[in-house]
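# Structure at a glance
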Amino acid sequence: MLRISIEKKTLHFKQPAGTSRGVYTERDIWLLTMYDTCSPENVGVGECAPLPDLSCDASENYEKRLREICKVVEQTGRIDGSLLSPYPSMLFGLETAYLNMKNGRYLFDTPFSHGRCGIPINGLVWMGTAEEMNLRMEEKIKAGFSCVKLKIGAIDFESELALVKSIRKRFSKDVIELRVDANGGFSPAEAMDRLEVLARYDIHSIEQPIRQKQWSEMARLCSVTPLPIALDEELIGVNMKAMKEELLSVIKPQYIVLKPTLHGGMRGTEEWVALARQHGIGSWITSALEGSVGLNAVAQLTSHVYGDDIEFAQGLGTGMLYTDNMPMTTEIRGNKIWIREA
């Protein structure tokens, strides 16, 4: 019989993390500890990390609902993915704890999980003033990143564009791959003009140019865009397979960006990737500001989903954001994330 304990923890950012939806200075996570009474020596830990105002399962009653769900898992002895699809952050935490309990530190049997290879990642430049973003970009370039993602949409577009211009004056697309993430910060009326301007500077892709749940507008943009569009927030709350297929068929994006804690846990993420492949749509996986337990699980899942030789940069570089994170089990070396040796 399974037993699960729950511990709430508040993590504090080293510096404010700005998005077009606001600024994070702290975030709550819930750590799950799971064991089977038949073999109590095997203990697994998972992390549930909903993002306020973004996760479909975030609410004031989050912990109460989490405890109810964990009680059901204890009583049934199984994690019902279809039942838990509306609660992706809870599902992800339970899946992680179960795999950790069964398999130990190697959640998946991959070269990455065993520490034999790293996964390429993009450097992330958070929103801030123009001066702050310039400094952060310099740090990423000096650190050796060949793919950098800019969060845009918080300051005026001309200042953000000036940063893009300055990067391209120094580095061609063959040296630095540039991705931008608007977090839905553009209006439908202005989006196309801004996409056309950005396309002049060899941008790899733009994530979520307009807010989600505007399928017809997003489909129009994807059909005529001068640079590839990647859906992110658009996928939140789209939990049933038929809904996923409809979204991809209607919008026809060039890419989807998957955050397991937001987009259906491990099972939901694998389903999204499989459907995207069927539609000829690219994808990559990124973390969603999880603590060290969650980031480790997302990275191992990434290696499991995409195989041994991942060349496309993933969004897994958020491990050092907090002043009071749990001990890190991953580390960044150059432009790759690695599992630390035990």
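Everything below is about the structure printed above this text.
Here the structure is a predicted model, which means the values were calculated and not measured.

Once that is clear, we can look at the side chain of Thr302. Assignment of secondary structure puts Thr302 in helix 10 (residues 292–306). Polar side-chain contacts of Thr302 include one of 2.8 Å to the backbone oxygen of Val298. Discounting residues that sit within four places of it in the chain, Thr302 has contacts with Ile119, Ile285, Gly307, Ile310, Gln314 and Leu316.

A separate point is the sheet that holds strand 13 (residues 336–339). Pairing is antiparallel in the open sheet, where three strands are placed in the order 4-13-12. Two strands lie at the open edges of the sheet, namely strand 4 (119–120) and strand 12 (330–333), each paired on one side alone.

Our focus in this paragraph is the layout of surface pockets. Size it by volume and the largest pocket reaches roughly 330 Å³. Lining of the largest pocket is provided by 16 residues; of these, Gln15, Trp126, Lys140, Met320 and Leu321 occupy positions nearest its centre. Mapped by element, the contributors of at least two residues to the lining of the largest pocket are strand 1 (2–19) and helix 4 (130–142). When residues of the lining of the largest pocket are assigned to their parent elements, the largest contribution, five residues, is made by strand 1. Grouping the amino acids of the lining of the largest pocket by side-chain chemistry returns eight nonpolar, four polar and four charged. Volume-wise, the second largest pocket comes out at about 260 Å³. Contributing to the lining of the second largest pocket are 14 residues, with Asn100, Arg105, Val293, Asn296 and Thr329 lying nearest its centre. In terms of residue count, helix 10 provides more of the lining of the second largest pocket than any other element does, four residues in total. For the lining of the second largest pocket, the class distribution of residues is five nonpolar, eight polar and one charged.

Under the criterion given, the structure shown has 18 salt bridges. Across the pair Lys71 and Glu74 runs a salt bridge whose closest N-O atoms are separated by 3.4 Å. In this pair, Lys71 and Glu74 are both assigned in helix 1 (residues 62–76), three residues apart and thus about one turn of the helix distant. Relative accessible area serves as the criterion here: at 44%, Lys71 is assigned to the partly exposed category. Across the pair Glu207 and Lys149 runs a salt bridge whose closest N-O atoms are separated by 3.1 Å.

Evaluation of the coordinates by the stated rule reveals two cavities of 30 Å³ or more. Of the volumes computed, that of the largest cavity is approximately 250 Å³. In terms of lining residues, the largest cavity is bounded by 25 residues, among which Lys149, Lys151, Lys259, Ser287 and Leu289 are the most central. Class assignment of the residues belonging to the lining of the largest cavity gives a composition of nine nonpolar, eight polar and eight charged. Size it by volume and the second largest cavity reaches roughly 40 Å³. If you trace the second largest cavity, you find it lined by Asn122, Gly123, Leu124, Lys140, Phe145, Gly317 and Ile332.

Of note in this structure, Asp53 is not a glycine but carries a positive phi near 65 degrees. Tracing the backbone shows Asp53 in the loop between strand 3 (39–48) and helix 1. Although it is not a glycine, Gln208 adopts a positive phi angle of roughly 40 degrees. Inspection of the secondary structure assignment puts Gln208 in the loop between strand 8 (203–207) and helix 7 (215–224).

With that out of the way, let us pick up the sheet that holds strand 7 (residues 177–181). Strand order across the open sheet formed by seven strands is 5-6-7-8-9-10-11, with parallel pairing between neighbours. Looking at which strands have only one partner, the edges of the open sheet turn out to be strand 5 (123–125) and strand 11 (282–285). Along the sheet, successive strands turn relative to each other by an average axial angle of 25 degrees, direction set aside. Most of the contacts of helix 9 (residues 265–278) go to strand 10 (residues 255–258), to which it runs at about 170 degrees, and overall it touches strand 10 and strand 11.

To continue, consider the nonpolar core. Ranked by internal contacts, the top residues of the largest apolar core, which has 67 residues, are Met137, Leu150, Leu178, Leu198, Ile206 and Ile256. For this core, the leading source of residues is helix 10, giving six residues.

The subject of this paragraph is the packing of aromatic side chains. Counted under the stated rule, the structure contains seven aromatic pairs. On the basis of an interplanar angle of 25 degrees and a centroid distance of 6.0 Å, the ring pair of Tyr255 and Phe312 is categorised as stacked. Of this pair, Tyr255 sits in strand 10 while Phe312 is found in the loop between helix 10 and strand 12, placing the two residues 57 residues apart along the sequence. Residue classification places Tyr255 among the buried positions, given a relative accessible area of 18%. One aromatic cluster is present, built from ring pairs that chain together Phe13, Tyr24 and Tyr322. The ring of Trp284 carries the charged tip of Arg179 above its face, separated from the ring centre by 4.5 Å. A cation sits over an aromatic face here: Arg179 above Phe312, 4.6 Å from the ring centre.

Another point: the packing of helix 4 against helix 5 (residues 157–170). Close contact between helix 4 and helix 5 brings their axes to 10 Å; oriented N to C, the two are set at 30 degrees. Taken together, the axis directions place helix 4 and helix 5 in an arrangement best described as roughly parallel. For the pair helix 4 and helix 5, the sense of crossing is right-handed. Packed against helix 4, whose contacting residues are Ala130, Met133, Asn134, Met137 and Glu138, the element helix 5 presents Ser159, Leu163, Ser166, Ile167 and Arg170 at the interface. Looking at the contact of helix 4 with helix 5 residue by residue, the class counts come to five nonpolar, three polar and two charged.

The rules behind each value
- Residues numbered from 1 in each chain as written.
- Predicted model: local features only at pLDDT ≥ 70, side-chain atom pairs only at ≥ 80, totals over all residues.
- Heavy atoms only, no water.
- Helix = DSSP H or I, 4+ residues; strand = E, 2+ residues; numbered from the N terminus.
- Polar contact = N/O pair within 3.5 Å; in protein donor to acceptor, adjacent residues only side chain to side chain.
- Contact = heavy atoms within 4.5 Å.
- Pairing = 2+ DSSP bridges.
- 1 Å grid on protein atoms, 1.4 Å probe; cavity = no way out; pocket = protein on both sides within 12 Å on 5 of 7 lines; lining within 4 Å.
- Points joined across faces, edges and corners; volume = space filled by probe spheres on them.
- Nonpolar A, V, L, I, M, F, W, Y, C, P; charged D, E, K, R; others polar.
- Salt bridge = Lys/Arg side-chain N within 4 Å of Asp/Glu carboxyl O.
- Buried < 20%, exposed > 50% of the residue type's maximum accessible area, 1.4 Å probe, protein only.
- Axes fitted to C-alpha atoms, helices over the stretch in contact; angles between N-to-C directions.
- Core = buried A, V, L, I, M, F, W, Y, C linked by side-chain atoms within 4.5 Å.
- Phe/Tyr/Trp six-rings, centres within 6.5 Å; stacked < 30°, edge-to-face > 60°.
- Lys NZ or Arg CZ within 6 Å of the ring centre and 35° of its normal.
- Parallel < 35°, antiparallel > 145°, perpendicular 65-115°, else oblique.
- Left-handed = near helix turned anticlockwise from the far one by under 90°.

In short, the description is geometric, and any link to function would need to be established separately.
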